[in-house]
Amino acid sequence: MTAAGEAVLQVLWGASPCVNSFDRCLNISSSGVSFKFNVKYAKNKGTGYAELHNGLKSRWRVCAFHGVDRDSHGKTGCNRLKSGCCKCRRIESIDGLTVDNGRQPSFPNKSESNEPNVQDFKLDRQLKNGKAGISSNDKLNASGSITNTVHKVWAKSVEDEAWDLLRESIVYYCGNPVGTIAANDPNDSTILNYDQVFIRDFIPSGIAFLLKGEYDIVRNFILHTLQLQSWEKTMDCHSPGQGLMPASFKVRTVPLDGDDSATEEVLDPDFGEAAIGRVAPVDSGLWWIILLRAYGKCSGDLSVQERVDVQTGIKMILKLCLADGFDMFPTLLVTDGSCMIDRRMGIHGHPLEIQALFYSALLSAREMLTPEDGSADLIRALNNRLVALSFHIREYYWIDMKKLNEIYRYKTEEYSYDAVNKFNIYPDQIPPWLVEFMPHIGGYLIGNLQPAHMDFRFFSLGNLWSVVSSLATVDQSHAILDLIEAKWAELVADMPLKICYPALEGQEWRIITGSDPKNTPWSYHNGGSWPTLLWQLTVACIKMNRVEIAEKAVKLAERHISGDKWPEYYDTKRGRFIGKQSRLYQTWSIAGYLVAKLLLDNPAAAKVLVTEEDSELVNAFSCMISASPRRRKRGRKKQTFIV
Ligand code: GLC
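Everything numeric here is computed off the predicted structure, so don't read it as measured data.

Peer 1: Got a minute to help me understand the nonpolar core in this structure?
Peer 2: A general trend in soluble globular proteins is that nonpolar side chains are found buried together. Ranked by size, the top nonpolar core spans 162 residues in total, and within it W288, I314, L318, Y444 and I484 carry the most contacts. No other element matches the 11 residues that helix α10 (residues 352–368) contributes to this core.

Peer 1: Please clarify how the site of the ligand should be interpreted in this entry.
Peer 2: As a structural note, the neighbourhood of the ligand is formed by A182, Y194, F198, R200, D201, M340, D342, Y524, H525, E568, Q586 and W588. Here an oxygen atom of the ligand and a side-chain polar atom of R200 are 2.9 Å apart. For the ligand, an oxygen atom lies 2.7 Å from a polar atom in the backbone of M340. When the ligand sits alone it has 300 Å² of accessible area, and the protein chains cover 96% of it. Of the residues contributing to the shell around the ligand, the split by class is 6 nonpolar, 2 polar and 4 charged.

Peer 1: In this structure, what is going on with the packing of aromatic side chains? I would like to understand it.
Peer 2: One pass over the structure, following the stated rule, counts 19 aromatic pairs. Judged by centre distance (5.5 Å) and plane angle (25 degrees), the rings of W530 and Y569 are stacked. With W530 in the loop between α17 (506–513) and α18 (534–543) and Y569 in the loop between α19 (547–560) and β14 (570–571), this pair connects stretches of sequence that are 39 residues apart. The same class applies to W530 as to Y569, namely buried. In textbook terms, an aromatic cluster arises when at least three aromatic residues are bridged by ring pairs, as seen for W433, F437, Y444, F458, Y501 and W522. Over the aromatic face of Y194 sits the side chain of R583, whose NZ or CZ is 4.3 Å from the ring centroid.

Peer 1: Can you walk me through the confidence of the model for the protein chain in this structure?
Peer 2: Caution applies to low-pLDDT regions: their predicted coordinates should not be interpreted in detail. The pLDDT averaged across the protein chain works out to 79; a share of 74% of its residues lies at or above 70. Low pLDDT, under 50, characterises residues 106–134; the stretch is placed with 70 contacts to residues that sit more than four places away or in other chains. Predicted confidence is poor over residues 632–643, with pLDDT under 50, and the contacts of this stretch with residues over four places away or in other chains come to 29 contacts.

Peer 1: Can you walk me through helix α9 (residues 308–322) in this structure?
Peer 2: Residues spaced three or four apart along an α-helix point in a common direction, a consequence of the helix completing one turn every 3.6 residues. Between its first and last C-alpha, α9 extends 21 Å over 15 residues, near the 21 Å set by a 1.5 Å rise per residue. For α9, the complete set of buried residues consists of D309, V310, Q311, G313, I314, K315, M316, I317, L318, C321 and L322. Buried residues along α9 sit in contact with α6 (216–228), α7 (282–299), α8 (303–306), α10 and α11 (376–397).

Peer 1: Explanation requested: the packing of α19 against helix α20 (residues 587–601) in the structure shown.
Peer 2: What describes two packed helices is the angle between their axes and the distance between those same axes. Axis separation between α19 and α20 bottoms out at 11 Å; the angle between their running directions is 140 degrees. As judged from the angle between their axes, α19 and α20 are oblique. At the point where α19 passes α20, the crossing takes the left-handed sense. Every residue of α20 that contacts α19 at V547, A550, E551, V554 and E558 is listed here: Y593, A596, K597 and L600. When its residues are assigned to classes, the contact of α19 with α20 shows 6 nonpolar, no polar and 3 charged.

Peer 1: What is the right way to look at the sheet that holds strand β7 (residues 259–270) in this model?
Peer 2: Spatially, β5-β6-β7 is the arrangement adopted by the 3 strands of the open sheet, whose pairing is antiparallel. Of all the strands in the sheet, the pair left with one neighbour each is β5 (197–198) and β7. Bridge count for β5 against strand β6 (residues 248–256) is 2 bridges, and the pairing is antiparallel. Within β6, the residue paired with V197 across the bridge is F249.

Peer 1: What's the story with the pattern of salt bridges in this structure? I'm lost.
Peer 2: A side chain with one charge may pair with a side chain of the opposite charge, provided their charged atoms come close. Evaluation of the coordinates by the stated rule reveals 20 salt bridges. Among the ionic pairs, D188 bridges to R583, the shortest N-O distance being 3.0 Å. Linking D188 in the loop between β4 (176–180) and β5 with R583 in the loop between β15 (577–578) and α20, this pair joins segments that are 395 residues apart in sequence. For D516, the salt bridge identified is with R343, shortest N-O distance 2.8 Å. Linking D516 in the loop between α17 and α18 with R343 in the loop between α9 and α10, this pair joins segments that are 173 residues apart in sequence.

Peer 1: Help me understand the side chain of D201 in this model?
Peer 2: Relative to the helices and strands, D201 is located in helix α5 (residues 199–211). Summary of buried charges: D201 has no salt-bridge partner, and the nearest side chain of opposite charge, R200, is 4.7 Å away. What D201 contacts, discounting residues up to four positions off in sequence, is A182, Q586 and W588.

Peer 1: What's the story with the pairing of β4 in this structure? I'm lost.
Peer 2: In summary, the side chains of a regular strand alternate between the two faces of the sheet. A large share of β4 lies buried, amounting to 5 of its 5 residues. Of the pairings in the sheet, the one linking strand β3 (residues 170–173) to β4 comprises 4 bridges and is antiparallel in character. Residue pairing across strands places Y173 opposite N176, the latter belonging to β4. The turn linking β3 back onto β4 is made up of 2 residues, and C174 within it adopts a positive phi angle of 55 degrees.

Peer 1: What is the right way to read unusual backbone geometry from this model?
Peer 2: Negative phi is the rule for most residues except glycine; trans is the rule for most peptide bonds. For the bond running from P496 to L497, omega is 0 degrees, close enough to zero to count as cis. Here L497 shows up in the loop between α16 (488–491) and β13 (500–501). A cis amide bond, omega -5 degrees, links Y501 with the succeeding residue P502. Its location among the elements puts P502 in the loop between β13 and α17. At E413, a position not held by glycine, the phi torsion is positive, near 55 degrees. Examined against the element boundaries, E413 turns out to sit in the loop between α12 (401–408) and α13 (432–437). The class of E413 is exposed, set by a relative accessible area of 55%. Of note in this structure, Y524 is not a glycine but carries a positive phi near 50 degrees. If you trace the backbone, Y524 turns up in the loop between α17 and α18.

Scoring rules and cut-offs
Residues numbered from 1 in each chain as written. Predicted model: local features only at pLDDT ≥ 70, side-chain atom pairs only at ≥ 80, totals over all residues. Heavy atoms only, no water. Core = buried A, V, L, I, M, F, W, Y, C linked by side-chain atoms within 4.5 Å. Buried < 20%, exposed > 50% of the residue type's maximum accessible area, 1.4 Å probe, protein only. Helix = DSSP H or I, 4+ residues; strand = E, 2+ residues; numbered from the N terminus. Near = heavy atom within 4 Å. Polar contact = N/O pair within 3.5 Å; in protein donor to acceptor, adjacent residues only side chain to side chain. Areas by Shrake-Rupley, 256 points an atom, 1.4 Å probe, with all protein chains shown as cover. Nonpolar A, V, L, I, M, F, W, Y, C, P; charged D, E, K, R; others polar. Phe/Tyr/Trp six-rings, centres within 6.5 Å; stacked < 30°, edge-to-face > 60°. Lys NZ or Arg CZ within 6 Å of the ring centre and 35° of its normal. pLDDT = per-residue confidence, 0-100. Contact = heavy atoms within 4.5 Å. Expected span 1.5 Å × (residues − 1). Axes fitted to C-alpha atoms, helices over the stretch in contact; angles between N-to-C directions. Parallel < 35°, antiparallel > 145°, perpendicular 65-115°, else oblique. Left-handed = near helix turned anticlockwise from the far one by under 90°. Pairing = 2+ DSSP bridges. Salt bridge = Lys/Arg side-chain N within 4 Å of Asp/Glu carboxyl O. Lys, Arg positive; Asp, Glu negative; His and termini not counted.

Here you go:
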């Protein structure tokens with residue numbers, strides 16, 4: 001039985017508290033980051049050049065702490081939660097968590113037949129309180145408040161379990177916490193690269209620690225990954241662009257040169273050169289900037305973002321993103337699989353997720369860059385890009401019933417500067433599912449836009465982060481949440497939240513995914529349901545003052561997630577099955593849930609992630625709108641946002 005189950009039972013039966021193991025697991029050093037550079041190393045995997053931000057090239061490793069009892073992940077040896085301290089009967093339902101479609105809330109140790117029955121419990125309590133025989137309304141109220149209490153206790157214990165698991169996933173480097181492992185299932189023999197610290201996966205872990213007031217791990221993560229930023233890695237004799245952040249890194253323990261009896265720890269980054277499909281992680285640097293800002297806002301410690309090496313790191317990421325290419329669009333041009341969806345899913349080009357993170361990172365960077373002569377050009381380029389990017393996304397990615405109707409009647413082959421159908425979209429492209437799916441109230445930003453092609457799929461992360469970062473207008477942001485509410489059965493169903501909707505099927509799946517057996521319809525990236533997305537949903541809902549949506553989603557997740565062992569993702573249209581190849585004890589599922597809970601308890605804290613549109617941008621944007629030929633032609637009034 002998990003801790004969650006145990007805690008509920010303690011309340012139900014007054015059992016003595018089970019031993020909580022996290023104090024023993026907790027071993028976070030409060031010391032800062034310490035680097036010890038060593039200059040003579042052999043060229044092997046795990047070492048290599050580090051071009052430091054002071055301009056020097058150096059090889060480096062850091063000596064490991066000895067005498068600390070850690071496993072290969074650098075974690076202290078501590079077991080998962082102790083189990084089985086209570087004998088119990090089955091719980092059938094709790095408030096708001098009714099049995100649906102034959103699937104019951106998956107309480108830990110479901111198979112135990114002696115779990116308590118809440119109905120029995122309610123009656124028992126009523127009898128004990130002398131309430132038997134009172135009016136049916138009173139009974140209802142009494143049982144309602146009891147079941148509410150049970151739910152609260154249950155939720156609290158799921159949360160406690162999540163904290164224990166999150167702490168167990170911490171990776172140490174030279175005795176300091178530097179990140180969290182992607183998945184931590186002791187029974188999984190096919191770990192692949194899930195034993196690494198992924199940059200994107202660490203974001204919810206980092207936010208959870210920040211919201212708890214534990215800043216060291218985030219600070220260490222920021223500074224260590226910064227040192228990895230410029231490692232010289234090559235793929236077929238070609239190096240990634242300067243400024244690229246790795247997708248993940250691993251702490252390796254290797255024999256110390258020239259001394260067989262000693263070992264040392266090295267940080268070994270992966271920029272995609274070892275990743276399945278060899279995909280470069282465009283999102284890593286963007287998330288890094290977003291986390292850096294959140295760290296400063298949460299901890300009040302601005303000294304990290306003000307450091308020269310950190311400022312250089314920010315600029316390197318920006319330069320890489322703002323570099324000129326052949327592209328005509330202000331959106332960032334990337335290959336397939338360069339973000340959370342890190343396999344072929346037909347999102348190459350200008351996928352929404354990258355654009356939303358790009359916009360958010362640009363705004364965050366602008367806030368953090370210290371003004372100095374050398375960066376004036378960069379800041380100018382950044383400002384121009386912000387305006388152009390928001391205009392482009394709001395204008396051309398937006399879709400709702402009205403816009404769909406416009407597209408349905410589009411004329412094509414318009415050769416002119418003021419063409420209405422600028423991208424030459426053929427109306428036949430409107431997929432039949434969309435005609436059914438699009439609600440009368442609500443709308444969303446499409447997944448991608450290319451010449452003669454609109455990817456009409458709904459991508460959750462891109463839409464939610466467009467709300468959080470104010471890439472979407474206020475009206476659009478509300479409309480996105482309206483759509484999520486209206487299409488709850490499709491997008492949330494039994495487990496929040498679908499990564500995208502709908503799934504690619506048949507011939508489309510074969511061609512677009514390359515017949516990927518992991519991305520079969522309604523699984524994994526192809527319409528699977530990912531609990532980690534709860535935290536982004538929660539931030540978006542808090543920003544728009546619509547917390548009830550997030551609360552409902554969190555309650556849904558709470559029903560199964562602990563009993564199901566915190567899966568990475570769920571399969572099927574309703575998200576009713578644990579994903580076929582899903583990892584268990586997936587850290588960002590755990591952390592995503594925790595961040596959602598922490599923010600719902602303290603919504604004001606969401607401001608460390610939210611970026612509000614500033615008046616300069618609004619003005620520049622409205623000028624662009626009024627200058628747009630399409631708007632002029634229709635004689636619309638100059639206004640800030642037009643949906
Ligand atoms: C999968 C996900 C990716 C994640 C990684 C580690 O590859 O697609 O987004 O970062 O697993 O959890």
